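Coordinate analysis (summary)
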Amino acid sequence: MGGPLGAIIGRYPSATTTGAGGEDAEQLGRGDGSSSNLGIIRHDRRCRDLAFLVLFAAFWVAMIVNSSFGFNQGNPLRLTYELDYKGNVCGDRHGDPDVHELEVRYWMDPNQVYQSGVKSSKVNLADAKAICLMECPTPSSDTLNFVCDYPGGDIKLSVDDWINRDYDYFEFLTPDMRNSSLQLQGPCYPVIFPSVNVYWSCQYIARASNASLNKWLAMGGAKIEENMLIDKTIHKAIDARSAVLKRYVADIGKSWPVLIVCGGLLPLFLSVIWLLMIRYFVAAMTWITVVLFNALVISVTMFCYIKAGWIGNDPLTVVIGESDPYVHISGREISHLHAATVLMTVIMIIAFLSSIAIVRRILFATPVLKVAAKVIGEVQALIIFPVVPYFILAIFYMFWFSATLHLFSSGQVLRNDCSTDCCTYDLKLGKVNCDNCCGYSIHYTPHIGIAILFHLFGCYWATQFFMACSSTVVAGSVASYYWARGEISHEIPFFSVVSSLKRLLRYNLGSAAIGSLVVSAVEWVRFILECLRRKLKLVDSARESCCGKVTSSSSQCCLGCIDWTLMSVNRNAYIMIAITGKGFFKASVLATGLIMNNILRIGKVNVIGDVILFLGKLCVSLFCALFAFLMLDTHKYKSAHNKISSPLVPVIVTWALGYTVAKLFFAVVEMSIDTIILSFCQDAEEHQGTAQYAPPLLMETLDEQSELQRLTQGP
């Protein structure tokens, strides 16, 4: 190790010790910027891994520039609402005309919709004439309804009057306008087919109203095609992968109150409660955690079954508002929810069986948790400290989610390049125009995809960085407690945390940057390889060999093992960084050496302790997911413009936020255990196998002779 840790951080057994370790203790304490009364001794501490700190700073500059592009070019309304034939985003008050109250897209000419579904046709649905309405029109049983184009030219109506007339000004048309309308060239079109609002687009139902159709034909109207392609074509466009992805991202923006309450405030409250219960009821908390985890997994699974329509009468629906009970319209969102339900069922079964398997081993974790509880009791500021990185992360996430919505909607609205032959009546020109047949679409350039990937990677790296900083501060505080051996317990509660934070900010930010970068890089390599694997599987699924399947699965398994190992090494490296002030790589070597030399001694306790803490974090995050389900089940998120396409993504995001917050607070216990164990191992190495600074409870837990006796006597 290059020197005893007692000479690096903490206090010597005797306050009067002199010589190599004690003669300049007070001077060294002042040199570190720490309180000399606290007795933190540190020499040869300097800034480490500066190059990676500069890289992290450059990354933040790039994040800001990248996000500013999204804020400048994006419009989150594009994620929910579609375009009309003029390129307006429905629901946008900046359109021409103002359509901020008109959120539903409606295709006026059913024959254009039909033609766009015919394979040999050159007509695309994006070029079919669509306008924005407040709600989808329905055929009348006793008269013929019309939907007319936005008023203009000779039609002296305001948009509000047009809306109040149910978009119908057929009676005001001139003979030429009526003739072009009867030829399905506008400006007015008959309402022949019923339609329902499916995610703010009017989905035709290929079931023509006989009364309306007969009256249309009696007026001399053009023939209207009656074919299933009319509704299949629209459904295909609404259910496209890109459209579903945009709706999922839009769901995040619509459910921001749920994210704040269930993903921010609730996990903060639950995590603090869990730490307090560990402090005062540590013996019972292991059992409470296991039982509560299983109950929450079952509850979340049942909610998935309800929303999937497999239990109860409240399934997810793709239709906004009331719909014909005889009309059944499905979508990818429902399929994804079914898949999530099956996955949760598998997780529920595995969780229950795993809980049974570890019941007999839970007792091994209790003594170490008791030691961590004692540390929290002595260093009380450890419970409060995670609030600092919590608020930093909260501010970062608010900025990041806002930038995400704008980046995903930052495509350009451009006129399509089409070769369609069509004629429509232009109210401004006052005649039929055959040169304006192309519609508008949102075009995404490749650099937008790269910007989004960088933005996602940036979120993961920033999160890992703030967690690394928090873990390092906790490790430094707990190490001070261990090596002080209780002699300065009345001074520890705040000074050790503050001193550890000062050392981090002054010397070790670069080390936290590189540690978080290593984990983030491996995670993203896994993500990219998984995406490539899925694409190759779709392209060549029929000819995929057994060898290819084995190679793919093996590579994913190996990357998963590397990722888990790196996370474990990182956590221990942060401890050695806090104690020794070494750089990240040197600290990793030191930590790995200590662990390998004492693997039999600490492995049996540390693994079970980590499992209990992992279950605790899952309890907090699952409770957040369950509460998110309850909030999203209210009328606010089931109707009108606030309707979410599916609770799946908001619940997953809430779960991830809850887990991140829980991980931030649970790191107090996690790092306390790991720091004390590493300090114990170093202490034992320095004193011929017998730790001099360890608390009696820890000595009993980690003593090999005691454990051997316990195993021979049986449970």
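All values reported here derive from a predicted model rather than from experimental measurement.

So, about the overall build of the protein. When its secondary structure is counted, the protein shows 23 helices and 10 strands. Out of the 715 residues in the protein, the part that is buried amounts to 53%. Here the analysis covers contacts within the protein between residues at least 6 apart in sequence; of these, 77% occur between residues at least 24 apart. Working note: accessible area of the protein is about 32,500 Å², and carbon and sulfur atoms make up 62% of it.

Here asparagine 145 lies in the loop between β2 (130–133) and β3 (146–148). Between the C-alpha atoms of asparagine 145 and tryptophan 216, which are 71 residues apart in sequence, the distance is 9.7 Å. Setting aside residues up to four positions removed in sequence, asparagine 145 forms contacts with Thr138, Pro139, Ser140, Tyr189, Pro190 and Val191. Among the polar contacts made by the side chain of asparagine 145, one reaches the main-chain carbonyl oxygen of threonine 138 at a distance of 3.2 Å.

Our next topic: the nonpolar core. Judged by nonpolar contacts, the single largest core of 121 residues is most densely connected at Trp274, Phe293, Leu382, Phe396, Phe665, Val669 and Ile673. Considering every element that reaches this core, the biggest residue donor is helix α21 (residues 648–686), with 20 residues. Apart from residues lying up to four places away in sequence, phenylalanine 396 is in contact with Trp60, Met63, Gly458, Cys459 and Ala462. By size, the runner-up hydrophobic cluster in this structure holds 66 residues, among which are Ile131, Val191, Trp200 and Cys202.

A separate point is the environment of asparagine 416. You can see asparagine 416 is positioned in the loop between β7 (412–415) and β8 (424–426). Apart from residues lying up to four places away in sequence, asparagine 416 is in contact with Ala126, Asp127, Cys438, Gly439, Tyr440, Ser441 and His443. A polar atom in the side chain of asparagine 416 sits 2.9 Å from the side chain of serine 441.

Aromatic ring pairs: the centre-centre distance and the angle between the two ring planes describe each pair. Counted by the stated rule, this structure contains 32 aromatic pairs. Their ring planes at 65 degrees and their centres at 5.9 Å tell us that phenylalanine 193 and tyrosine 204 sit as a pair that is edge-to-face. Of this pair, phenylalanine 193 sits in the loop between β4 (188–190) and β5 (195–197) while tyrosine 204 sits in strand β6 (residues 202–204), placing them 11 residues apart in sequence. For the pair shown, phenylalanine 193 and tyrosine 204 are each scored as buried. Site record: aromatic cluster; members linked through ring pairs are Phe56, Phe59, Trp60, Phe396, Tyr397, Trp400, Phe401, Phe454, Phe457, Trp461, Phe465 and Phe466. Its guanidinium or amino end placed over the ring of tyrosine 85, lysine 129 lies 4.7 Å from that ring's centre, counting from NZ or CZ.

According to the stated counting rule, one finds 4 disulfides in the structure shown. What pairs with cysteine 90 in a disulfide is cysteine 132, and their sulfur atoms sit 2.0 Å apart. On the S-S bond that ties cysteine 90 to cysteine 132, the torsion sits near -80 degrees, and the link is left-handed. Of this pair, cysteine 90 sits in the loop between α3 (77–80) and β1 (104–107) while cysteine 132 sits in strand β2, placing them 42 residues apart in sequence. Exposure class is identical for cysteine 90 and cysteine 132. Each is buried. Paired through a disulfide, cysteine 136 and cysteine 202 show a sulfur-sulfur distance of 2.2 Å. In this structure, the disulfide formed by cysteine 136 and cysteine 202 twists by about -105 degrees around the S-S bond and is classed as left-handed.

This brings us to a nonpolar patch on the surface. Residues Trp256, Ile260, Val261, Leu265, Phe623, Phe627 and Leu630 make up a contiguous nonpolar surface patch of roughly 630 Å² in combined accessible area. Secondary structure elements with two or more residues in the nonpolar patch: α10 (256–280) and α20 (599–632).

Before going further, it helps to spend a moment on the pattern of salt bridges. When the charged atoms of two side chains with opposite charge come close together, those side chains can pair. Following the criterion strictly, the structure yields 8 salt bridges and no others. Close ionic contact of lysine 307 with aspartate 633 constitutes a salt bridge, the shortest N to O distance being 2.5 Å. With lysine 307 in helix α11 (residues 282–307) and aspartate 633 in the loop between α20 and α21, this residue pair connects regions lying 326 residues apart in the sequence. Residue lysine 307 is classed as buried on the basis of its relative accessible area, which comes to 9%. For aspartate 633, a relative accessible area of 27% puts it in the partly exposed group. A salt bridge links glutamate 670 to lysine 617, with the shortest nitrogen-to-oxygen separation between them at 3.3 Å.

Below, the discussion takes up the side chain of asparagine 66. As for its position among the elements, asparagine 66 is in helix α2 (residues 50–73). Overall, asparagine 66 belongs to the buried group, its relative accessible area being 12%. When residues no more than four places from it in sequence are discounted, the contact partners of asparagine 66 are Leu407, Ala451, Phe454 and His455.

Let us look at the packing of helix α9 (residues 241–254) against α10. Relative orientation of the contacting elements α9 and α10 amounts to 65 degrees, with a least axis distance of 5 Å. Classed by the angle they form, the pair α9 and α10 counts as roughly perpendicular. For the pair α9 and α10, contact is made by Ile252, Gly253 and Lys254 and by Trp256, Pro257 and Leu259, respectively. Partitioning the contact of α9 with α10 into residue classes produces 4 nonpolar, 1 polar and 1 charged.

An ideal rise of 1.5 Å per residue puts 20 Å on 14 residues; α9 measures up with 20 Å between its terminal C-alpha atoms. Counting buried positions along α9 yields 10 of 14 residues, so the element is predominantly enclosed. Among all positions in α9, only Ala243, Val244, Lys246, Arg247, Tyr248, Val249, Ala250, Asp251, Ile252 and Lys254 are buried.

A word on a negative patch on the surface. On the surface, Asp98, Glu101, Asp160 and Asp161 cluster together to form a negatively charged patch. Within the secondary structure, aspartate 160 is located in helix α5 (residues 159–164). For aspartate 160, a relative accessible area of 48% corresponds to the partly exposed category.

Moving on: the side chain of threonine 654. When you line up the elements, threonine 654 lands in helix α21. The contacts of threonine 654, once residues within four sequence positions are left out, are Val258, Leu259, Cys262, Gly263, Cys624, Ala625 and Ala628.

The next subject is the packing of helix α16 (residues 446–484) against α21. Two elements in contact, α16 and α21, have axes separated by 8 Å at closest approach and are oriented at 45 degrees. What the angle tells us is that α16 and α21 run oblique. For the crossing formed where α16 meets α21, the hand is right-handed.

We now examine the confidence of the model for the protein. Averaged over every residue, the pLDDT of the protein is 81; the share at 70 or more is 81%. This stretch, residues 704–715, has a pLDDT under 50; its non-local contacts, to residues over four places away or in other chains, come to 8 contacts.

Let us now look at the environment of lysine 86. Turning to its location among the elements, lysine 86 is positioned in the loop between α3 and β1. Given a relative accessible area of 30%, lysine 86 falls into the partly exposed group. In the structure, lysine 86 is positioned 353 residues away from glycine 439 in sequence and 7.0 Å away in space, judged by C-alpha atoms. Excluding residues within four positions of it along the chain, lysine 86 makes contact with Asp96, Pro97, Tyr150 and Tyr440.

The next subject is unusual backbone geometry. Note on backbone geometry: most residues besides glycine have negative phi, and most peptide bonds are trans. With an omega of 5 degrees, the peptide bond between aspartate 96 and proline 97 qualifies as cis. Tracing the backbone through its elements, the reader meets proline 97 in the loop between α3 and β1. The omega torsion of the bond from glycine 186 to proline 187 falls at 10 degrees, within 30 degrees of zero and hence cis.

Basis of the calculations
- Residues numbered from 1 in each chain as written.
- Predicted model: local features only at pLDDT ≥ 70, side-chain atom pairs only at ≥ 80, totals over all residues.
- Heavy atoms only, no water.
- Helix = DSSP H or I, 4+ residues; strand = E, 2+ residues; numbered from the N terminus.
- Buried < 20%, exposed > 50% of the residue type's maximum accessible area, 1.4 Å probe, protein only.
- Contact = heavy atoms within 4.5 Å.
- Areas by Shrake-Rupley, 256 points an atom, 1.4 Å probe, with all protein chains shown as cover.
- Polar contact = N/O pair within 3.5 Å; in protein donor to acceptor, adjacent residues only side chain to side chain.
- Core = buried A, V, L, I, M, F, W, Y, C linked by side-chain atoms within 4.5 Å.
- Phe/Tyr/Trp six-rings, centres within 6.5 Å; stacked < 30°, edge-to-face > 60°.
- Lys NZ or Arg CZ within 6 Å of the ring centre and 35° of its normal.
- Disulfide = S-S within 2.5 Å.
- Patch = residues over 30% accessible without salt bridge, like charges linked within 9 Å, V, L, I, M, F, W, Y side chains within 5 Å.
- Salt bridge = Lys/Arg side-chain N within 4 Å of Asp/Glu carboxyl O.
- Axes fitted to C-alpha atoms, helices over the stretch in contact; angles between N-to-C directions.
- Parallel < 35°, antiparallel > 145°, perpendicular 65-115°, else oblique.
- Nonpolar A, V, L, I, M, F, W, Y, C, P; charged D, E, K, R; others polar.
- Expected span 1.5 Å × (residues − 1).
- Lys, Arg positive; Asp, Glu negative; His and termini not counted.
- Charge placed at Lys NZ, Arg CZ, Asp CG, Glu CD.
- Left-handed = near helix turned anticlockwise from the far one by under 90°.
- pLDDT = per-residue confidence, 0-100.

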